[in-house]
There are 2 protein chains.
Amino acid sequence: MTKTRRPTRIQARNRAAILDAALEVFSAHGFRGATVDQIAAAAGLSKPNLLYYYPSKEAIHEALLSRLLDTWLDPLRAMDPAGEPLEEILAYVRRKLEMSRDYPRESRLFANEIVQGAPRILGFLTSDLKALVDEKAALLESWMDEGRIARVHPYHLIFSIWSLTQHYADFDVQVRAILDGDDPFETAPAFLDNLYRRLLTSA
Amino acid sequence: MTKTRRPTRIQARNRAAILDAALEVFSAHGFRGATVDQIAAAAGLSKPNLLYYYPSKEAIHEALLSRLLDTWLDPLRAMDPAGEPLEEILAYVRRKLEMSRDYPRESRLFANEIVQGAPRILGFLTSDLKALVDEKAALLESWMDEGRIARVHPYHLIFSIWSLTQHYADFDVQVRAILDGDDPFETAPAFLDNLYRRLLTSA
DNA sequence: GTCTATAATATGATAGAC
DNA sequence: GTCTATCATATTATAGAC
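Looking up chain A in an unreviewed UniProt entry gives the name TetR/AcrR family transcriptional regulator, with the organism given as Jhaorihella thermophila.

A.B. asks: Which residues make up the interface of chain A and chain B, and what values go with them?
C.D. replies: Each side of the interface is counted separately: chain A has 57 residues, and chain B has 57 residues. Joining chain A to chain B, the criterion identifies zero salt bridges. Seen at the junction of chain A and chain B, the total is 16 residue pairs in polar contact (both at pLDDT 80 or more). Tallying contributions element by element places helix α9 (residues 154-170) of chain A first for the side of chain A that touches chain B, with twelve residues.

A.B. asks: Report on the domain arrangement of chain A, specifying residues and quantitative values.
C.D. replies: All names here are of chain A. Entries for chain A in the domain assignment read domain 1 (1-55) and domain 2 (67-201). The straight-line distance from the C-alpha centre of domain 1 to that of domain 2 is 31 Å. Taken together, the contact between domain 1 and domain 2 spans eight residues of the former and seven residues of the latter. Summing both sides of the interface, domain 1 and domain 2 together bury roughly 740 Å²; the carbon and sulfur share of this comes to 56%.

A.B. asks: Tell me about helix α7 (residues 104-115) of chain B, residues and numbers included.
C.D. replies: All names here are of chain B. Between its terminal C-alpha atoms α7 stretches 16 Å, which fits the 16 Å expected from twelve residues at 1.5 Å a residue. Counting buried residues along α7, ten of its twelve residues qualify, which places the element largely inside the surrounding structure. Among the residues of α7, E106, S107, R108, L109, F110, A111, N112, E113, I114 and V115 are the ones counted as buried. Directly after α7, the chain includes G117, whose backbone phi takes a positive value near 95°.

A.B. asks: Any chance you could break down the UniProt feature "domain: HTH tetR-type" (unreviewed entry) in chain A for me, citing the residues and the numbers?
C.D. replies: Taken from the UniProt record, the annotation "domain: HTH tetR-type" (unreviewed entry) applies to residues 12-72 of chain A. Taken end to end, residues 12-72 of chain A is 87% helix and 0% strand, and its first and last C-alpha atoms sit 23 Å apart.

A.B. asks: Residue-level account of the packing of aromatic side chains, with values.
C.D. replies: Per the stated rule, a full pass over the model turns up twelve aromatic pairs over all chains. With a centroid separation of 5.1 Å and an interplanar angle of 85°, the aromatic rings of Y52 of chain A and Y53 of chain A are classed as edge-to-face. Given a relative accessible area of 58%, Y52 of chain A falls into the exposed group. Ring centres of F26 of chain B and F31 of chain B lie 5.7 Å apart, and the angle between their planes is 15°; on these two criteria the pair is classed as stacked.

A.B. asks: Run through the pattern of salt bridges, naming residues and quoting values.
C.D. replies: All chains considered together, the criterion is met by 32 salt bridges over all chains. When the shortest N-O distance is used, the salt bridge between D134 of chain A and K130 of chain A registers 2.9 Å. Taken together, the residues span about one helical turn, with D134 of chain A and K130 of chain A both in helix α8 (residues 122-145) at a distance of four residues. The shortest N-O distance in the salt bridge between D74 of chain B and R77 of chain B comes to 2.8 Å. Here R77 of chain B and D74 of chain B lie together in helix α5 (residues 74-77), a separation of three residues that amounts to about one turn. A residue is classified by how much of its surface remains accessible, and D74 of chain B, at 37% relative accessible area, is partly exposed. What emerges from the salt-bridge pattern is a single network uniting E87, R94, D193 and R197 of chain A.

A.B. asks: Describe the nonpolar core, naming the residues involved and giving the relevant values.
C.D. replies: Y196 of chain A together with Y196 of chain B are the most contacted members of the largest nonpolar core, which totals 147 residues. If sequence neighbours within four positions are ignored, Y196 of chain A has contacts with L86, L90, V93, L157, S160, I161 and L164 of chain A.

A.B. asks: Report on the relation of the copies chain A and chain B, specifying residues and quantitative values.
C.D. replies: Placing chain A over chain B gives an RMSD of 0.0 Å and needs a rotation angle of 180°, together with 0.0 Å of translation along the axis. What the superposition gives is, in effect, a two-fold axis relating one chain to the other. Taken together, the interface assignments show that 100% of the residues at the interface of chain A recur at the interface of chain B, consistent with an identical surface on both copies.

A.B. asks: Any details on the packing of helix α6 (residues 85-102) of chain B against helix α9 (residues 154-170) of chain B? Residues and values, ideally.
C.D. replies: Residues and elements named next belong to chain B. Closest axis-to-axis distance for the α6/α9 pair is 8 Å, and the angle between their directions is 25°. For the element pair α6 / α9, the angle class is roughly parallel. Along this stretch, α6 crosses α9, giving a crossing that reads as right-handed. Residue-level inspection shows I89, Y92, V93, K96, L97 and S100 of α6 in contact with α9, the latter providing I161, W162, T165, Q166, Y168 and A169. When grouped by side-chain class, the residues that make up the contact of α6 with α9 number eight nonpolar, three polar and one charged.

A.B. asks: If you had to explain the confidence of the model for chain A to someone new, which residues and values would you point to?
C.D. replies: With 96% of its residues at a pLDDT of at least 70, chain A reaches an overall mean of 96. Considering each helix and strand of chain A separately, the mean pLDDT is smallest for helix α1 (residues 7-33) of chain A, with a value of 95, and largest for α9 of chain A, with 99.

A.B. asks: Outline empty space enclosed by the protein, supporting the account with residue identities and numerical values.
C.D. replies: Inspection of every chain in the model, using the stated rule, returns eight cavities of 30 Å³ or more. Here the largest cavity is characterised by a volume of approximately 120 Å³. Around the largest cavity, the lining comprises 18 residues; the ones closest to its centre are G30, F31, R32, N112 and Q116 of chain A. When residues of the lining of the largest cavity are traced back to their parent elements, those giving at least two are α1 and α7 (104-115) of chain A together with α1 (7-33) of chain B. At six residues, the largest contribution of residues to the lining of the largest cavity is made by α1 of chain A.

Rules used in this analysis
Residues numbered from 1 in each chain as written. Chains lettered and ligands numbered in written order. Predicted model: local features only at pLDDT ≥ 70, side-chain atom pairs only at ≥ 80, totals over all residues. Heavy atoms only, no water. Contact = heavy atoms within 4.5 Å. Salt bridge = Lys/Arg side-chain N within 4 Å of Asp/Glu carboxyl O. Polar contact = N/O pair within 3.5 Å; in protein donor to acceptor, adjacent residues only side chain to side chain. Helix = DSSP H or I, 4+ residues; strand = E, 2+ residues; numbered from the N terminus. Domains from an automatic or database assignment. Buried area = accessible area lost by both parts, 1.4 Å probe. Expected span 1.5 Å × (residues − 1). Buried < 20%, exposed > 50% of the residue type's maximum accessible area, 1.4 Å probe, protein only. UniProt positions renumbered as here; feature names shortened; annotations may be inferred. Phe/Tyr/Trp six-rings, centres within 6.5 Å; stacked < 30°, edge-to-face > 60°. Core = buried A, V, L, I, M, F, W, Y, C linked by side-chain atoms within 4.5 Å. Least-squares fit on C-alpha atoms with pLDDT ≥ 70 in both. Axes fitted to C-alpha atoms, helices over the stretch in contact; angles between N-to-C directions. Parallel < 35°, antiparallel > 145°, perpendicular 65-115°, else oblique. Left-handed = near helix turned anticlockwise from the far one by under 90°. Nonpolar A, V, L, I, M, F, W, Y, C, P; charged D, E, K, R; others polar. pLDDT = per-residue confidence, 0-100. 1 Å grid on protein atoms, 1.4 Å probe; cavity = no way out; pocket = protein on both sides within 12 Å on 5 of 7 lines; lining within 4 Å. Points joined across faces, edges and corners; volume = space filled by probe spheres on them.

Next up, the structure:
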């Protein structure tokens with residue numbers, strides 16, 4: 001009994017290692033720029049062994065993306081219609097910024113995909129993402145109608161949050177080249193908090 | 001005399017066609033994702049003929065990037081110390097947004113490079129770009145010291161302008177997937193103008 | 001499950017005719 | 001200057017031993 005190894009254990013361990021290695025390589029080089037060799041080496045496996053777990057490079061990439069998209073929308077979903085409007089928005093900004101700090105590779109994986117025209121996730125953009133954004137834009141507009149936040153274009157407001165927060169992950173190398181030693185994540189939260197307070201608080 | 005073709009003419013024409021085709025292909029697929037075949041086809045040349053003008057794929061990419069970087073900083077350079085602070089900043093935002101609208105491929109070429117760690121232009125970031133940003137950040141701070149605009153982190157202010165404007169070029173496919181038929185460049189200028197007025201006008 | 005060896009293809013670059 | 005044909009290499013994927 002003790003001698004019979006549970007194959008599921010090894011499989012789970014290897015699959016996790018592969019996905020982590022693939023995230024590292026795909027986010028740094030894009031789909032075409034990444035090679036199966038690099039991913040296998042980063043995962044500590046031989047190339048054929050890696051392809052034993054995932055049948056193709058494409059399959060690894062798909063698995064990664066589908067895992068990412070599954071949680072990518074959670075921060076926006078968490079924006080609560082019952083909460084205090086300005087605080088809900090500021091909390092969303094904070095969450096997105098924390099994701100850029102803690103999961104920059106995921107952000108860059110996504111960015112690589114979008115910049116190149118979203119060939120693999122256009123469906124996600126036009127279905128799940130659009131539906132959620134439409135819902136939350138309507139919520140933002142209702143808050144504006146009630147005079148609880150200043151009136152701005154709700155879709156551009158959401159785009160602004162994405163771009164301002166994801167910039168610190170996607171353009172990390174540029175930000176750090178300019179800030180030299182300073183950690184952008186030390187000072188960005190206060191900047192963004194102030195920005196959205198000023199934008200959304202009626203004068 | 002009339003029979004002797006000026007080779008410079010043809011060369012200039014073909015070189016221009018190659019760079020335009022390369023911009024199209026590199027910006028859409030990244031350096032590794034682009035193939036010499038694709039570029040040659042887009043330029044209307046055979047692959048060997050293309051390589052007659054540029055010795056390698058790398059050389060084409062370098063020529064493109066160096067041409068881009070040469071003008072990439074112009075809008076920021078144009079921010080005039082002698083001008084009215086808020087208007088100078090708003091004009092910079094407008095210029096950057098117009099560049100995203102009129103030259104999205106250039107923006108995506110740059111974005112592809114940065115997202116993947118800027119392997120080819122790290123030197124530019126830490127020298128030319130950093131020097132200019134340092135200079136303009138000092139200018140912004142002097143305006144804040146004089147009380148002519150609200151006090152915010154000057155570097156994050158510049159990052160915010162980059163991210164908010166370039167987002168409409170780099171993430172164009174996502175923006176349009178969500179806005180459906182609406183043209184983002186119709187409504188973005190007013191949104192950004194309002195945003196920076198509220199941020200920088202003292203309460 | 002994991003490996004070595006290798007097949008099959010894609011791609012960057014060159015040779016050489018015209 | 002431009003082309004067809006081709007080389008050399010990189011890369012995805014598979015075969016088959018262990």
